[in-house]
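Observations on the model geometry
Single-letter residue listing:
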Amino acid sequence: MIVWSRLLRSLTVGLVVAALAIGLLPFLFADLIGDMNGFADLDSSPFYALINKFIRWGK
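So, a few notes on the structure that sits alongside this text.

Definitions and limits used
Residues numbered from 1 in each chain as written. Predicted model: local features only at pLDDT ≥ 70, side-chain atom pairs only at ≥ 80, totals over all residues. Heavy atoms only, no water. Helix = DSSP H or I, 4+ residues; strand = E, 2+ residues; numbered from the N terminus. Buried < 20%, exposed > 50% of the residue type's maximum accessible area, 1.4 Å probe, protein only. Areas by Shrake-Rupley, 256 points an atom, 1.4 Å probe, with all protein chains shown as cover. Patch = residues over 30% accessible without salt bridge, like charges linked within 9 Å, V, L, I, M, F, W, Y side chains within 5 Å. Salt bridge = Lys/Arg side-chain N within 4 Å of Asp/Glu carboxyl O. Expected span 1.5 Å × (residues − 1). Bend = angle between axes of the 7 residues up to and from the residue.

1. Comments concerning the overall build of the chain
Per the secondary structure count, the chain includes two helices and zero strands. Across the 59 residues that make up the chain, the buried fraction comes to 5%. For the chain, the accessible area works out to roughly 5,700 Å², and carbon and sulfur atoms hold 73% of it.

2. Overview of a nonpolar patch on the surface
Together, Ile22, Leu24, Leu25, Phe27 and Leu28 make up a nonpolar patch on the protein surface, roughly 570 Å² of accessible area in all. Looking at leucine 24, the relative accessible area reads 47%, which means it is partly exposed.

3. Some remarks on helix 1 (residues 4–37)
With 34 residues, helix 1 extends 49 Å between its outermost C-alpha atoms, agreeing within 8% with the 50 Å of an ideal straight helix rising 1.5 Å per residue. The largest bend along helix 1 measures about 35° and falls at leucine 25, with the proline proline 26 one to four residues further on. Counting buried positions along helix 1 gives one out of 34 residues, so the element sits mostly on the surface.

These values are about where atoms sit, not about what they do.
Encoded structure:
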């Protein structure tokens, strides 16, 4: 037997994740197009700088 509270919680989490994914699609698409055209340099992105600070890729 399915517990209604668990079903409602699962649906709520699924809808929140779906809304976030749909909301991020335009940004991901713009990043993909910029990367394909060579407009975006990975070394200059703030994400790369943040990851590099913790992982030390460039050193």
